[in-house]
Amino acid sequence: MEGVPALDEPLKNALGAATAKVMAEHLDLHTIGDLLHHYPRRYAERGELTSLSELPLDEHVTVVAQVADARVLTFNQGRGRRLEVTITDGRGRLQLVFFGKGVHKPQKDLLPGTRAMFAGKVSLFNRKLQLSHPAYEPLSGEASAADAVDAFAGRLIPIYPACKQLESWKISKAVDAVLDRAADAVDPLPAALRDGRGLLTLPEALRGIHRPRTKADIAEARDRLKWDEAFVLQVALARRRFADTQLPAVPRRPVPGGMLDAFDARLPFTLTDGQTRVSKEIFDDLATDHPMHRLLQGEVGSGKTMVALRAMLAVVDAGGQAAMLAPTEVLAQQHHRSIAEMMGELAEGGMLGGAEHATKVVLLTGSMGAAARRHALLDLVTGEAGIVIGTHALIEDKVRFHDLGLVVVDEQHRFGVEQRDALRSKGKQPPHLLVMTATPIPRTVAMTVFGDLETSVLDQLPAGRSPIASHVVPAADKPHFLSRAWERVREEVSGGHQAYVVCPRIGDDEDERAAKQKKQSADEADRRPPLAVLEIAEQLAAGPLAGLRVEVLHGRMAPDDKDAVMRRFAAGDTDVLVATTVIEVGVNVPNATAMVIMDADRFGVSQLHQLRGRVGRGTAPGLCLLVTEMPEASPARARLGAVAATLDGFELSRIDLEQRREGDVLGQAQSGVRSSLRMLAVIEDEEVIAAAREEATAVVRADPGLESLPGLRTALDALLDAEREQYLDKG
């Protein structure tokens, strides 16, 4: 086809319409390039030759033997045919079976007396070992037989990700048909980078991955193909970062003697070294004339809100406004309350008793009454309110700012790109952006998923934060442990403290229906439904926690009711709060010292870490009990053991990631990009990602338009059509 690069040619030209249609519909493969980048999942070795007398069940084996007997049997009243071949190597005998249309060729090839090699998986039928539909290669002549055995048994057979409509060996044949086109592959890596790191060319890597002669071929090809993925993705992110440095922004420098200084003077404690260091990074960014794009991540309770608030005050001092976007109303209200408390009279601008340098801190959520909302909108457009905290209600068209200088996004992974951009477009010029996440992310994931943001990490807890002891409570093996857990809750309450009990579900008819509609995974099909807040609260109030003040909190309550429950709990009027994960982020009740998480195995590692961070926020030590009915040897128990064993969120997020697939982690954030990570494992390939980021940054700095690297430009276009480019502005 004229003018179409070789690898962009449609598969139907090379393979015929029928095969191409199946590949497009079931494997999302459309071009020759797509097929060449459809890598084998693993390689079967025809294996060492095995003696027939010692065949292992369920393993792939290769045997050399002679056909002793072959007979065709009919079944199903003559409609079905089965070929049974008995082979022997002089020490043992083995049966081979072929069914249906698969009978004709072996019936001709495998006559008694024929010597051949057979490869297949050993199975058991009628208490006898057999190979069903084995691959075979007849042998003739002694000399050639030895070579043939070598070639046949030693070969690495690629096993491709396949589908019911197209088996791996058919995909393998299709690859054979187009593999010579690999020579035309345009190499995205700059030659200097490739040579400097001793990497194969792309055509060599494609041949090595599909048709390796040795395991070393596979390793070399993988190294090269990982680089492609890491480098092209990092170039896309580096170009975003570069483009951001070209945007104009208003520098916002802290003003001496302003609100920030007044706020610091009021603080009853000194900032941690980490908070001071990260604040400096943020202030340096705010002082530049292009928008800051920074990710602030830190341990649960490491004081991220304090750092964000100081940045907001600096911007207000400099004449701008700051907006904080929270994912839920409960969290927005909580931030509003705690920020107003931390600021005290500084948050009472325009009011009697307000400090000399003061501003208004307003809340804006969807459920506010019309009058309160009108008031808040007016304070924003006039500039009366320097700080606004809200949910996505902040993004609506009606919301206008006097001069938006900084956007702080809390719990980034819950916001889409469009939302982040919509808020940023409300500034006269692009505002500075600070993204906070309380789920510690391993550095490599941060570089891959949030690669367009510079990262700051808070990894020490503020002084006065107490340690949290965590224990697994195996309710099924040791029911008395659960009774002891409720005793511990009573002890905390009698010591003047409070406790949380977390359940996976709310528990009413609507909830039951939702649970049924949600497809259960195979391993959950036999399990009882997850424990529910309403049921557990009732059982506890009537049983082990009788006499204590028990309340419930869940996401389906009216916002005012939720707020009232949280206020009572924060004021100490409730002893035990039985809740869903609505308390996962941002809830701050220093007097709560104990948490019991029911069905803890149904939560993810990061989520458990997040939940646990709600206790031990005061001076008394925290206790977190992870209740499970899973057996000791299960992966779920191992996961809970890992959570109980360490309070290091970064370490836990690595464990979490190793246990899940990257796709879940990159999730929506990568949209189309996710499918491009075929070879790269984000955690294992830490060095590759870090090195690729450095190389990519240098390449983009030297040649932002990639004028001198047409191959890289082509690869980028393939990775990022316009929509995917948008998605890299993480969602």
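Rules behind the numbers
- Numbers given to residues run from 1 along each chain, matching the order in which its sequence is written.
- A pLDDT threshold of at least 70 governs which residues receive local features in this predicted model, and a stricter bar of 80 or more applies before side-chain atom pairs are shown or counted, although totals over entire chains, interfaces and linings include all residues.
- Think of the side-chain values as coming from all heavy atoms in the structure, minus any hydrogens and water.
- Note on conventions: DSSP H or I runs of at least 4 residues are helices, E runs of at least 2 residues are strands, and numbering of each starts at the N terminus.
- Think of it in three bands: residues with accessible area under 20% of the maximum for their type are buried, residues over 50% are exposed, and the middle band is partly exposed, with areas taken using a 1.4 Å probe on protein chains only.
- By definition in these notes, contact holds between two residues if any of their heavy atoms fall within 4.5 Å.
- Where accessible areas are quoted, they stem from the Shrake-Rupley method and a 1.4 Å probe; at the residue level, only the protein chains shown are allowed to cover.
- Think of it this way: DSSP has to see at least two bridges between two strands before they count as a pair.
- Lines fitted to C-alpha atoms define the axes, with helix axes restricted to the stretch in contact, and inter-axis angles between N-to-C directions lie between 0 and 180 degrees.
- Expected span of a helix, by definition, is 1.5 Å for each gap between consecutive residues, and there is one gap fewer than residues.
- Think of a polar contact as two N or O atoms within 3.5 Å of one another; within protein, one of them needs to be a possible hydrogen donor and the other a possible acceptor, and neighboring residues in sequence only count if both atoms come from side chains.
- Gly falls in the polar group here, along with every residue not listed as nonpolar (Ala, Val, Leu, Ile, Met, Phe, Trp, Tyr, Cys, Pro) or charged (Asp, Glu, Lys, Arg).
- Any angle from 65 to 115 degrees is called roughly perpendicular, while one under 35 is roughly parallel, one over 145 is roughly antiparallel, and all others are oblique.
- Should the near helix be turned anticlockwise from the far one by less than a right angle, the crossing is termed left-handed; should it be turned clockwise, right-handed.
- Put simply, buried Ala, Val, Leu, Ile, Met, Phe, Trp, Tyr and Cys residues joined by side-chain atoms within 4.5 Å make one nonpolar core.
- One confidence number per residue, pLDDT, is output by the predictor and ranges from 0 to 100.
- Pairing of aromatic rings covers Phe, Tyr and the six-membered ring of Trp, with a centre-to-centre limit of 6.5 Å; geometry is then stacked below 30 degrees between planes, edge-to-face above 60, and tilted otherwise.

Student: Lay out the overall build of the protein in plain terms, naming residues and giving numbers.
Tutor: Helices and strands together make up the secondary structure of the protein, namely 27 helices and 21 strands. Out of the 731 residues in the protein, the part that is buried amounts to 52%. Partitioning the intrachain contacts of the protein with sequence separation of at least 6 by distance along the chain shows that 74% fall at a separation of at least 24. When the accessible surface of the protein is totalled, it reaches about 33200 Å², and 51% of it is carbon and sulfur.

Student: Explain the sheet that holds strand β19 (residues 576-579) to me, using residue names and the numbers behind them.
Tutor: Within the open sheet, the six strands sit side by side as β16-β21-β20-β17-β19-β18. Their pairing is parallel. The open sheet has two edge strands with one neighbour each: β16 (468-474) and β18 (550-553). Along the sheet, successive strands turn relative to each other by an average axial angle of 20 degrees, direction set aside. Sheet topology note: the strand β17 (residues 498-502)/strand β20 (residues 592-597) ladder contains five bridges and is parallel. Note that in β20 the partner of Tyr-500 across the bridge is Met-595. Along the sheet face, helix α21 (residues 605-612) touches β16, β17, β20 and β21 (622-628) and points at about 150 degrees away from the line of β20.

Student: Outline helix α13 (residues 329-343), supporting the account with residue identities and numerical values.
Tutor: The terminal C-alpha atoms of α13 lie 21 Å apart, and with 15 residues this matches the ideal 21 Å at 1.5 Å per residue to within 8%. Residues Val-330, Leu-331, Ala-332, Gln-333, Gln-334, His-335, Ile-339 and Met-343 constitute the buried set of α13. By the N-cap criterion, in which a side-chain oxygen at the helix start approaches the backbone nitrogen of a residue two or three places on, α13 is capped by Thr-328, the distance to Leu-331 being 3.1 Å. Phi turns positive one or two residues past the end of α13, at Gly-344, with a value near 60 degrees.

Student: Lay out the packing of helix α10 (residues 259-266) against helix α12 (residues 304-317) with the relevant residues and their values.
Tutor: Where α10 meets α12, the closest approach of the two axes is 8 Å, and the angle between their N-to-C directions is 145 degrees. Residue-level contacts link Met-259, Leu-260, Phe-263 and Asp-264 of α10 to Met-306, Leu-309, Arg-310, Leu-313, Ala-314, Val-316 and Asp-317 of α12. In the contact of α10 with α12, the residues fall into eight nonpolar, no polar and three charged.

Student: Break down the side chain of Glu-551 for me, citing the residues and quoting the values.
Tutor: Structurally, Glu-551 can be placed in strand β18. A polar contact of 3.0 Å, which involves the side chain of Glu-551, links it to the side chain of Thr-574. The contacts of Glu-551, once residues within four sequence positions are left out, are Val-565, Arg-568, Thr-574, Val-576, Leu-577 and Val-578.

Student: Can you explain the packing of helix α9 (residues 215-246) against helix α25 (residues 686-702)? Please cite residues and give values.
Tutor: Two numbers describe how α9 lies on α25: the axes approach to 8 Å, and their chain directions differ by 45 degrees. Taken as axis vectors, α9 and α25 run oblique relative to one another. Here α9 runs over α25; the crossing is right-handed. For the pair formed by α9 and α25, the contact residues are Lys-226, Trp-227, Ala-230, Phe-231, Gln-234, Val-235, Ala-238, Arg-239, Arg-241 and Phe-242 on the first element and Val-688, Ile-689, Ala-691, Ala-692, Arg-693, Glu-695, Ala-696, Thr-697, Val-699 and Val-700 on the second.

Student: Can you lay out the nonpolar core for me, pointing to particular residues and giving the numbers?
Tutor: Nonpolar side chains tend to gather and get buried jointly when the protein is soluble and globular. Counting 39 residues, the largest nonpolar core has Met-343, Ile-387 and Leu-406 as the members making the most contacts within it. Broken down by element, this core gets its largest block of residues, 10 residues, from α12. When neighbours within four sequence positions are excluded, Met-343 is seen to be in contact with Met-259, Phe-263, Arg-266, Leu-309, Leu-313, Thr-359, Val-361 and Ile-387. Core analysis: the second largest hydrophobic core is formed by 33 residues, Leu-7, Met-23, Ala-221 and Met-679 among them.

Student: Can you break down the confidence of the model for the protein residue by residue, with the values?
Tutor: Per-residue confidence for the protein averages 82 on the pLDDT scale, and 83% of its residues sit at or above 70. Under a pLDDT of 50 for its full length, residues 722-731 has, in the predicted model, 42 contacts with residues more than four places off or in other chains.

Student: Go over the packing of aromatic side chains with me, naming the residues and quoting the values.
Tutor: The relation between two aromatic rings is expressed through the spacing of the ring centres and the mutual angle of the planes. Per the counting criterion, the structure on display carries two aromatic pairs. Geometrically, the ring pair formed by Phe-98 and Tyr-136 is edge-to-face, given 6.3 Å between the ring centres and 85 degrees between the ring planes. Within this pair, whereas Phe-98 is found in strand β4 (residues 93-99), its partner Tyr-136 is found in strand β7 (residues 135-138), the two being separated by 38 residues in sequence. Like Tyr-136, Phe-98 is buried. With 5.0 Å between their ring centres and 55 degrees between their planes, Tyr-500 and Phe-569 make a pair best called tilted.

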